[in-house]
Amino acid sequence: MNDRTSALDEPVTDDALTRPFAGASPYDTYVHASVLNSLQQPLTEAPDEMGFLVTTQVMELWFTLIVHEWRTARVAFAKDDLPAAVDALTRSRRALTALAASWAPIAALTPAQFNGFRAAFGQASGFQSAMYRHMEFLLGDKSAGLLRAHRGDPAVHEALAETYREPSLYDEVLGYLHRQGLPVPRHVRERDVTSPYTGDPGVVETWRHVYTGERNHPHLALGELLTDIAELVTRWRFDHVLVVRRAMGAKPGSAGSAGLAWLEQRAARPVFPDLWEVRGDL
């Protein structure tokens, strides 16, 4: 047996690790971990409520990052800066993958476990998330009614109204493709960007030009990157449906929503519909 003091038993000698902080640690000053860690305030003694709160809050942070990256990409497309746009979209793809994994802590809640704290959040519902609404508006899924729901909070409403009034990420993609010489129809380029985008045969034809062109062309890679994003968003939505179905079945949702039926309807809405439609033409 080795009687020397093990490395684990040796005292720390690095003064940088033991020197007292003059106030909050530099780490906390930058990351605000103490603020984040103070935001979990369960209202019941149910052991599963903490996991529900943390999961929901983590998702809100991922929403914030994804919105940031999509706005960055939208600006880059408007400037015809494809490399910068692709970089931002690639980062958002990684964030979307992490977002999907965030369901794990609550994915297997039973009805009894969920009912242990469900009444505590009253009329609160995930569909009220303003940051997720920014995501949907950036994808082109605009809704005046869902914007109107936030009028009670002027700052939140105005920020969301700005995203509502601006071109979506996909609108800027189509503008970029047009400036690169691809046949994006004029009525699409000049459309009312506050209306939900539901697809257009002329845009499907635009993507057909891309997909039947050079195999290694950057525009083809862009189409596939956008399809990855559309798929990840759709998978997250359907995972949401499964989590709710497992925890509460088809009961009405909080805040008076139709619950599972409403989620299923929203999940079925295609993201970047032209990119899915074009596959049948190839």
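Up top you'll find the structure we're talking about.
Residues numbered from 1 in each chain as written. Predicted model: local features only at pLDDT ≥ 70, side-chain atom pairs only at ≥ 80, totals over all residues. Heavy atoms only, no water.

A few words now on the packing of helix 5 (residues 82–101) against helix 13 (residues 218–248). For the pair helix 5 and helix 13, interaxial distance at closest approach is 10 Å and the crossing angle is 25°. Between helix 5 and helix 13, the angle falls in the class roughly parallel. At the point where helix 5 passes helix 13, the crossing takes the left-handed sense. Within the contact between the two elements, helix 5 uses L82, V86, L89, T90, S92, R93, L96, T97, L99 and A100 and helix 13 uses P218, H219, L222, L225, L226, D228, I229, L232, V233 and W236. In terms of residue class, the contact of helix 5 with helix 13 is made up of 14 nonpolar, four polar and two charged. (Axes fitted to C-alpha atoms, helices over the stretch in contact; angles between N-to-C directions. Helix = DSSP H or I, 4+ residues; strand = E, 2+ residues; numbered from the N terminus. Parallel < 35°, antiparallel > 145°, perpendicular 65-115°, else oblique. Left-handed = near helix turned anticlockwise from the far one by under 90°. Contact = heavy atoms within 4.5 Å. Nonpolar A, V, L, I, M, F, W, Y, C, P; charged D, E, K, R; others polar.)

Turning next to helix 13. The first and last C-alpha atoms of helix 13 sit 45 Å apart over 31 residues, in line with the 45 Å expected at 1.5 Å per residue. One or two residues past the end of helix 13 sits G249, with phi positive at roughly 65°. (Expected span 1.5 Å × (residues − 1).)

In this section: the packing of aromatic side chains. Under the defined criterion, the tally for this structure stands at 16 aromatic pairs. Geometrically, the ring pair formed by F63 and W236 is edge-to-face, given 5.7 Å between the ring centres and 85° between the ring planes. Of the two residues, F63 is situated in helix 4 (residues 49–78) and W236 in helix 13; the sequence distance between them amounts to 173 residues. With respect to burial, F63 and W236 carry one shared label: buried. Ring pairing ties together the aromatic residues F52, F114, F117 and F121, which thus form one cluster. (Phe/Tyr/Trp six-rings, centres within 6.5 Å; stacked < 30°, edge-to-face > 60°. Buried < 20%, exposed > 50% of the residue type's maximum accessible area, 1.4 Å probe, protein only.)

Packing of helix 4 against helix 5 leaves a shortest axis separation of 8 Å and a crossing angle of 165°. Taken together, the axes of helix 4 and helix 5 lie roughly antiparallel to each other. Viewed along their axes, helix 4 and helix 5 form a crossing whose handedness is left-handed. Across the interface between the two elements, M59, W62, F63, L65, I66, E69, W70, T72, A73, A76 and F77 of helix 4 pack against L82, A84, A85, A88, L89, R91, S92, A95, L96, A98 and L99 of helix 5. Split into classes, the residues belonging to the contact of helix 4 with helix 5 amount to 18 nonpolar, two polar and two charged.

Residues W70, F77, L89, L96, L174, W207 and F272 are the most contacted members of the largest nonpolar core, which totals 61 residues. Per-element accounting of this core gives the leading share, 14 residues, to helix 13. In contact with W207, not counting residues within four places along its chain, are Y170, V173, L174, L177, H219, G223, L226, D274, L275 and V278. In terms of nonpolar packing, the next biggest core, distinct from the first, is built from five residues, F137, L147, L160 and Y164 among them. (Core = buried A, V, L, I, M, F, W, Y, C linked by side-chain atoms within 4.5 Å.)

Another aspect to go through is the environment of V241. Tracing the chain through its elements places V241 in helix 13. For the pair V241 and E264, spaced 23 residues apart in the sequence, the C-alpha separation amounts to 6.4 Å. When near neighbours in sequence (up to four residues on either side) are disregarded, V241 contacts L260, L263, E264 and A267.

According to the stated counting rule, one finds 16 salt bridges in the structure shown. Here E205 ties to R208 by a salt bridge, and the two come within 2.8 Å at their closest N and O atoms. Placement of the pair is E205 and R208 together in helix 12 (residues 201–211), with a separation of three residues, close to one helical turn. Taking relative accessible area as the criterion, R208 reaches 29% and is therefore assigned partly exposed. Note that E224 is salt-bridged to R279, the shortest N-O span being 2.5 Å. Taken together, the residues E224 in helix 13 and R279 in the segment after helix 15 (273–277) connect sequence positions 55 residues apart. With relative accessibility at 32%, the residue E224 sits in the partly exposed group. Here the salt bridges do not stand alone but share partners, grouping R133, E136, D141, R237, R266 and R269 into one network. (Salt bridge = Lys/Arg side-chain N within 4 Å of Asp/Glu carboxyl O.)

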